[in-house]
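Listed below, chain by chain, are the residues.
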Amino acid sequence: MYPPLPPPAPHRDFISVTLSLGQSYDGSKSWRRRSCWRKWKQLSRLQRNVILFSLTFLMLCGFLSYISVADQWTAVDGRSAEEQKTRPADPPVLPAPQKADAHPENMQGALPQKPQRHFRRGPPNLHLRAPVKTPRTRGRETPSGGMRRWAMLIRRKARRERWSASPNERQRAVIDAFRHAWAGYRKFAWGHDELKPVSRSFSEWFGLGLTLIDALDTMWILGLKKEFEEARKWVSKKLRFQKDVDVNLFESTIRILGGLLSAYHLSGDELFLRKAEDFGNRLMPAFQTPSKIPYSDVNIGTGAAHPPRWTSDSTVAEVTSIQLEFRELSRLTGSKKFQEAAEEVTRHVHSLSGKKDGLVPMFINTHSGLFTHMGVFTLGARADSYYEYLLKQWIQGGKQETQLLEDYLEAIEGIRRHLLRRSEPRKLTFVGELAHGRFSAKMDHLVCFLPGTLALGAHHGLPADHMELARALMDTCYQMNRQMETGLSPEIVHFNLYPQNDHKDVQVKPADRHNLLRPETVESLFYLYRLTGDRKYQDWGWEILQSFNTYTRVPSGGYSSISNVQDPLNPQPRDKMESFFLGETLKYLYLLFSDDPDLLSLDTYVFNTEAHPLPIWAPPREV
């Protein structure tokens, strides 16, 4: 017998790699003739799999990088010339602006006599932008749709991370106030229009989740990601406009349409743009009047539009303060009907007689198209935002629509000539009212939008004395708060004009001493601080926030308007939290306490009258 053979040694694969500078050991060039395929076959299966996986991973990374870069140029890449004419460029998204080239687009000027010009969107420093929207493919998946959606989500996450700078102490106090208000709304009024915080219930106006939509962009700006995503889910799953309900054209435009457009610009989420276009289409029947001056109300389910029950008139402020939103909706969708309907109103009001040095009456008839209730002029309710939107449309359109600017400048001179007075004894500058030639020293808190508007105009190149008047009026609006025992302004005040009596400058009638959590004072404080750098405006805003927390905060959640700003022991809660408290008041306070001028830069965005930021279009560029 032969002794058993030893077991065979385990088989092992080896790779020999020789590095040379173009020469084999024998000095020949034979290495060039060696087959790469033979070398590949010499590798083990594991080694080949590792190499293939590495190459695939590198190709995928390169593809995603290409999508991220190419997305910014989609507006000019892969489109026909005709598409470039009809489709607007992409909207900007936060964080604010980085320099890059803008893209041209067509935009018709507001005035009929102006020739059509080619516009490029946004000023040159606007560049982080939302995903490209092609109307023909919206709602359908393109072959690369899944990959594009993935890339969009990655970019959105990156934008949020860059946006979420650490808030300072005062901004954190605003965030705390918002979370407290939101907690009450979420618990007791979720999906409804407004919270009733004292009774822990809700009220309906339109039945469209008004507070939620009004607060979308505020949550994004404050960095409240969890709350924003929860609200977005409600918009996606629950917000339906096919319902038999009347909405006020003005209020629904500035709050719902403006809120959806702003949420789209900040987040880049096309859900909000789709909802905005749907809602805009449902508002259009309001413009079907003999004069083209829209009715005040429209049923978004049936399309039936009508004036209020008690009159055939609309208020001038309401029909002239929807233009920012309708113009932007046209720019984003490529459908001109929204812009044309809104600008027809602007042109009509411009041509009317019955003004007084640029000041307009409060009412306009939808049948005749003429002013009514002539001879009464105010910057308060029913007329206020007419003046605001003259300036802001001019800014939005790249400062090209000169008729808007001329009407605004004429109106400011009319205010100086007819409505401006100084109180006694402190010589506070205020804006009163004129009724059939008789001056009244009455000033609504709503008029406190004016200091901010004047300062904004001065920032955009209007006369320097506008800023001087803005500062003087800002002092007055602050005193309207400071001279009240709660530190909160009443809805209406009357000023003392007579030096011989012992009255204070600011007088309040019993019917006017309520506070609705309005934003106008803190709105103007934001503009004045942003444009002057004077920190006293931040301190004044801090005082007002503390007063809100002391006299209007409800322990179970939410804030309530109050009936008596002069009684700190019993301010008498009215059991209502208006949607604009979250949409405007807290947003402006947060921005006021920021020292970053690029946080919603006033050279990049213009705020609608509900504090929803919309992008400024760039000046036209001839082609």
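Residues numbered from 1 in each chain as written. Predicted model: local features only at pLDDT ≥ 70, side-chain atom pairs only at ≥ 80, totals over all residues. Heavy atoms only, no water.

What follows is about the overall build of the protein chain. Per the secondary structure count, the protein chain includes 20 helices and 20 strands. Taking all 623 residues of the protein chain together, 56% fall into the buried category. Summarising the internal contacts of the protein chain: among those between residues at least 6 apart in sequence, 70% fall at separations of at least 24. For the protein chain, the accessible surface area stands at approximately 28,000 Å², while carbon and sulfur atoms represent 53% of it. (Helix = DSSP H or I, 4+ residues; strand = E, 2+ residues; numbered from the N terminus. Buried < 20%, exposed > 50% of the residue type's maximum accessible area, 1.4 Å probe, protein only. Contact = heavy atoms within 4.5 Å. Areas by Shrake-Rupley, 256 points an atom, 1.4 Å probe, with all protein chains shown as cover.)

The three strands are arranged β16-β17-β18 in an open sheet whose pairing can be described as antiparallel. Because the sheet does not close on itself, it has two edges, and the strands there are β16 (442-444) and β18 (506-507). Sheet analysis places strand β17 (residues 492-495) next to β18, joined by two bridges and oriented antiparallel. The residue of β18 that forms the bridge with H494 is Q507. (Pairing = 2+ DSSP bridges.)

Counted according to the given criterion, the structure contains 26 salt bridges. Linking D176 and R553 is a salt bridge whose minimum nitrogen-to-oxygen distance equals 3.3 Å. Taken together, the residues D176 in helix α5 (residues 169-188) and R553 in the loop between α19 (536-551) and α20 (579-592) connect sequence positions 377 residues apart. The class of D176 is partly exposed, set by a relative accessible area of 42%. With relative accessibility at 31%, the residue R553 sits in the partly exposed group. With a closest N to O distance of 3.6 Å, E227 and R179 form a salt bridge. Here E227, found in helix α8 (residues 225-238), pairs with R179, found in helix α5; they are 48 residues apart in sequence, far enough to count as distant. (Salt bridge = Lys/Arg side-chain N within 4 Å of Asp/Glu carboxyl O.)

Moving on to the side chain of S561. Summarising the element assignment, S561 is placed in the loop between α19 and α20. Leave out the neighbours within four places in its chain, and S561 touches N515, L516, L517, Q572, P573, R574, D575 and K576.

Turning to the packing of aromatic side chains, a few remarks are in order. Scanning the entire structure with this criterion turns up 22 aromatic pairs. Geometrically, the ring pair formed by F430 and F439 is tilted, given 6.2 Å between the ring centres and 50 degrees between the ring planes. A relative accessible area of 0% means that F430 is categorised as buried. Considering the side-chain rings of F548 and F581, the 5.7 Å spacing of their centres and the 75 degrees angle between planes classify their relative orientation as edge-to-face. (Phe/Tyr/Trp six-rings, centres within 6.5 Å; stacked < 30°, edge-to-face > 60°.)

What follows deals with unusual backbone geometry. Leaving glycine aside, a negative phi is the common case for residues, and trans is the common case for peptide bonds. The residue after E424, namely P425, is reached through a cis peptide bond having omega 5 degrees. The topology assignment puts P425 in the loop between β12 (420-422) and β13 (429-431). One non-glycine residue with positive phi stands out, namely L600, at about 55 degrees. Within the element layout of this structure, L600 appears in the loop between α20 and β19 (605-607). The exposure class of L600 is buried, given its relative accessible area of 0%.

Looking now at a positive patch on the surface. Taken together, K233, K237, K238 and R240 make up a surface patch of like positive charges. Tracing the sequence through the fold places R240 in the loop between α8 and β5 (246-248). Judged by relative accessible area, which is 44%, R240 ranks as partly exposed. (Patch = residues over 30% accessible without salt bridge, like charges linked within 9 Å, V, L, I, M, F, W, Y side chains within 5 Å. Lys, Arg positive; Asp, Glu negative; His and termini not counted. Charge placed at Lys NZ, Arg CZ, Asp CG, Glu CD.)

Moving on: the UniProt feature "active site" (unreviewed entry) in the protein chain. In the numbering used here, UniProt assigns the "active site" (unreviewed entry) feature to E251, D384, E491 and E520. Its location among the elements puts E491 in the loop between α17 (465-482) and β17. Given a relative accessible area of 14%, E491 falls into the buried group. Excluding residues within four positions of it along the chain, E491 makes contact with D444, H445, D512, H514, L516 and R518. Mapped onto the elements of the fold, E520 is located in helix α18 (residues 520-532). Beyond its immediate stretch of four places on either side in the chain, E520 contacts H445, L446, C448 and F449. (UniProt positions renumbered as here; feature names shortened; annotations may be inferred.)

A cluster of nonpolar side chains, namely I51, F53, L55, F57 and L58, defines an oily patch on the protein surface of about 530 Å² accessible area. Note that F57 resides in helix α2 (residues 45-70).

Take the sheet that holds strand β14 (residues 433-435) next. One open sheet holds the three strands; their spatial order is β11-β14-β15, and the pairing between them is antiparallel. Each of the sheet's edge strands pairs with one partner strand only, and the pair in question is β11 (376-377) and β15 (438-440). With three bridges connecting them, β14 and β15 associate as antiparallel partners. Considered in β15, the bridge of A435 is made with R438.

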